[in-house]
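Here are the chains, one letter per residue:
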Amino acid sequence: MTLATLPTQNAQRVLLHNEVHARPPEAMAAPLAISHIVMLADAAGRDASRAHLAALLRDHHLAPPDAHTTHLRADLGAFRIRWELHTEFVTWTFTVVPAGGIHAGEGRAPAAALEAVPRDWLALLPGECLCALHLWVAAGSGWPATPAQRGWLREESLVASAVAEGQGEVYTDFAIHADGFSRMLLVAGALSPQRLGRLVQQLLEIETYRMAALLGLPAAREAGAALASAERELAALAEAIRSSRRDAEPALLDRLTRLAGQVEGQYAATHSRFSASSAYFELVDRRIQDIAESRLAGLQTIGEFMERRLSPARSTCAWAARRQNALSERVSRMSSLLRTRVEIEQQQNNQALLAAMNRRGDLQLKLQSTVEGLSVAAITYYIVGLVSYLAKGAQKIGWPFSPESTAAVAIPLVAASVWWSLRRLHHRMFGEAH
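Residues numbered from 1 in each chain as written. Predicted model: local features only at pLDDT ≥ 70, side-chain atom pairs only at ≥ 80, totals over all residues. Heavy atoms only, no water.

Q: Quick one: what's the story with the packing of aromatic side chains, residue by residue and with numbers?
A: How two aromatic rings sit relative to each other is given by the distance of their centres and the angle of their planes. Under the criterion given, the structure shown has eight aromatic pairs. Seen from their ring centres, F89 and Y280 are 6.3 Å apart, and the 45° between their planes marks the pair as tilted. Note that F89 is positioned in strand β4 (residues 89-96) and Y280 in helix α6 (residues 249-290), a separation of 191 residues in sequence. Owing to a relative accessible area of 2%, F89 belongs among the buried residues under this scheme. Y280 sits in the buried class, given a relative accessible area of 11%. Ring pairs connect the aromatic residues F79, W83, W92, F94 and W121, which therefore count as one cluster. (Phe/Tyr/Trp six-rings, centres within 6.5 Å; stacked < 30°, edge-to-face > 60°. Helix = DSSP H or I, 4+ residues; strand = E, 2+ residues; numbered from the N terminus. Buried < 20%, exposed > 50% of the residue type's maximum accessible area, 1.4 Å probe, protein only.)

Q: Requested: an account of the UniProt feature "transmembrane region" (unreviewed entry) in the chain, with residues and values cited.
A: When the UniProt feature table is mapped onto this chain numbering, "transmembrane region" (unreviewed entry) sits at residues 369-391 and 397-420. This span, residues 397-420, is 75% helix and 0% strand, and a straight line between its end C-alpha atoms measures 33 Å. (UniProt positions renumbered as here; feature names shortened; annotations may be inferred.)

Q: Explain the pairing of β4 to me, using residue names and the numbers behind them.
A: Burial runs high along β4: eight of the eight residues are buried. Of the two faces of β4, the one carrying F89, T91, T93 and T95 and the one carrying V90, W92, F94 and V96 are both buried. Pairing analysis gives six bridges linking strand β3 (residues 80-85) to β4, with the strands arranged antiparallel. Counted as the bridge partner of L85 is V90 from β4. Linking two consecutive strands that pair antiparallel, namely β3 and β4, is a turn of three residues. (Pairing = 2+ DSSP bridges.)

Q: Give a description of the pairing of strand β6 (residues 159-163) that names residues and reports values.
A: Among the five residues in β6, five count as buried, and that is most of the element. Alternating residues of β6 divide into V159, S161 and V163 and A160 and A162, and every residue in both groups is buried. Bridging between β6 and strand β7 (residues 168-172) involves five bridges; their strand directions are antiparallel. Among the inter-strand pairings, V163 is bridged to a residue of β7, identified as G168. If you look at the hairpin formed by β6 and β7, you'll find four residues sitting between the two strands, and A164 has a positive phi there, around 55°. As defined by bridge partners, β6 adjoins strand β9 (residues 294-295) across two bridges and the pair is classed as antiparallel. Bridge pairing in β9 places S161 opposite R295.

Q: I'd love a proper account of unusual backbone geometry, names of residues and values included.
A: Of the consecutive residues A30 and P31, the connecting peptide bond is found in the cis state with omega at 5°. Even without glycine at this site, F174 takes up a positive phi of about 50°. Checked against the element boundaries, F174 lands in the loop between β7 and β8 (182-187). With a relative accessible area of 14%, F174 lands in the buried category.

Q: Run through the nonpolar core, naming residues and quoting values.
A: Counting 41 residues, the largest nonpolar core has I37, I81, W92, F94 and W121 as its most contacted members. When residues in this core are grouped by element, the largest group, four residues, is from β4. Residues within four places of I37 in sequence aside, it is in contact with V90, T91, W92, F94, L114, L122, L125, C129, C131 and F181. (Core = buried A, V, L, I, M, F, W, Y, C linked by side-chain atoms within 4.5 Å. Contact = heavy atoms within 4.5 Å.)

Q: Before we move on, could you go through a nonpolar patch on the surface and cite the residues and values that matter?
A: A surface patch of nonpolar side chains, amounting to about 290 Å² of accessible area, comprises L353, L354 and M357. Along the polypeptide, M357 turns up in helix α7 (residues 302-395). Note on M357: relative accessible area 43%, which makes it partly exposed. (Patch = residues over 30% accessible without salt bridge, like charges linked within 9 Å, V, L, I, M, F, W, Y side chains within 5 Å. Areas by Shrake-Rupley, 256 points an atom, 1.4 Å probe, with all protein chains shown as cover. Salt bridge = Lys/Arg side-chain N within 4 Å of Asp/Glu carboxyl O.)

Q: Break down helix α4 (residues 193-213) for me, with residues and values.
A: When the terminal C-alpha atoms of α4 are compared, their 30 Å separation across 21 residues agrees well with the 30 Å that a helix rising 1.5 Å per residue should span. Burial of α4 is extensive: 17 of the 21 residues sit out of reach of the surface. (Expected span 1.5 Å × (residues − 1).)

Q: Pulling in residues and values, what's your account of the side chain of R273?
A: Among the secondary structure elements, R273 is positioned in helix α6. Under the relative-accessibility criterion, R273 is labelled buried at 17%. Ignoring any residue separated from it by four or fewer positions in sequence, one finds R273 in contact with E88, A212, L215, G216, A219 and Y280.

Q: Please give an account of the pattern of salt bridges that cites residues and values.
A: Scanning the entire structure with this criterion turns up 10 salt bridges. The closest approach of N and O atoms between R287 and D290, which form a salt bridge, is 3.8 Å. Taken together, the residues R287 and D290, both in helix α6 and three residues apart, mark about one turn of the helix. Residue class for D290 comes out partly exposed when judged on its relative accessible area of 27%. Among the charged side chains, a salt-bridge network with shared partners connects E205, R286, R287 and D290.

Q: Quick rundown of the sheet that holds β8? Include the residues and the values.
A: Backbone-to-backbone hydrogen bonds join strands into a sheet, with any given pair of strands oriented parallel or antiparallel. Strands sit in the order β2-β3-β4-β1-β5-β8-β7-β6-β9 across an open sheet of nine strands; the sheet is mixed. At either margin of the open sheet sits one strand with a lone partner, and together these are β2 (71-75) and β9. Pairing geometry for β2 and β3, over five bridges, is antiparallel. Its bridge partner being in β3, D75 is matched across the sheet by R80. Each of β2, β3 and β4 touches helix α2 (residues 43-59); the most contacted strand, β3, lies at about 160° to it. (Axes fitted to C-alpha atoms, helices over the stretch in contact; angles between N-to-C directions.)

Written as structure tokens, this is what we have:
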């Protein structure tokens, strides 16, 4: 069966299927010198990074990456390059196989892979450097217990552990040295090429994600001052709302609305940063678990170092995010309370207005009842006058009573009829309205 005979394929199927194979580790064998650089870049910077890579590949007569390529490995003869495009940054990894192995003189680190990379091209890497690491992979013989004894790692901050279930050892000091790079040594021991490749990638990712996670720390510190100011303003508003008069409530509601806008604006500006930092911290934890480290006598492990040194920064970022959420909820509750108070007062005003309207209606009804009595008399007067005129005319054709007598007899009958008609009309109108 061929692909043409299968049902209609989702447009993203192949891309999603290949995601599990994205950025795979490569098999490695000691000795190796590796230089790893992480450049922060926005969308334009990532495009510039792809173009910068394409220029290097063209200089070595290799095909440039297409617009959809997010990772690439290439052998350029003097060095190998691994390029990876991430959401916020671009990683450049350069690898060299030292001809004579890894050697370090007294007080001097081994030769770095970056020495084989064209300096003019390297100086123009797009973006801002976030992380720079030299990693040396040595065979399992000829190394002292602590590379700091040779002076190229700092003894006072040395971190080391057995990794890959004791098959290798890693040494670092998590310090930036005079060349702007941090340093790490991996003693390969009995590691297979595949396991060594995965371990190298995990160590590089620990350093990369550690620095990416710490991008949230400056934002958390800046947010702290703004949050403290907003909390003081909210406390002052709460006290003012408690003791304010009705005529001050519109101004208080305006202040509270402005404060809510300020808090939500800051939340929107920093939420993505704090969320990304949280995700990066989790990746650091996972990579530390993946290297399966154990203690070397007298030295702290990478996991212990990260726990001690990263925990304050991690807690600061998490605390700032929680504080923002809590402040946003408090402002929302305060707004709801103030709006409820205003609505209750509006309802009370409406009830008072309705009561006044009812009183005016009662007065109008009483006035209408008074007017109805006058209306009965007026209508009776005019109708009786007409009866009197009729009686005068009727006398000429034989009406036996005088006009005055006829009018006198008609008055009670007309008055009763008018009164009954008005009452009936009144009940009909008010009954329909009810």
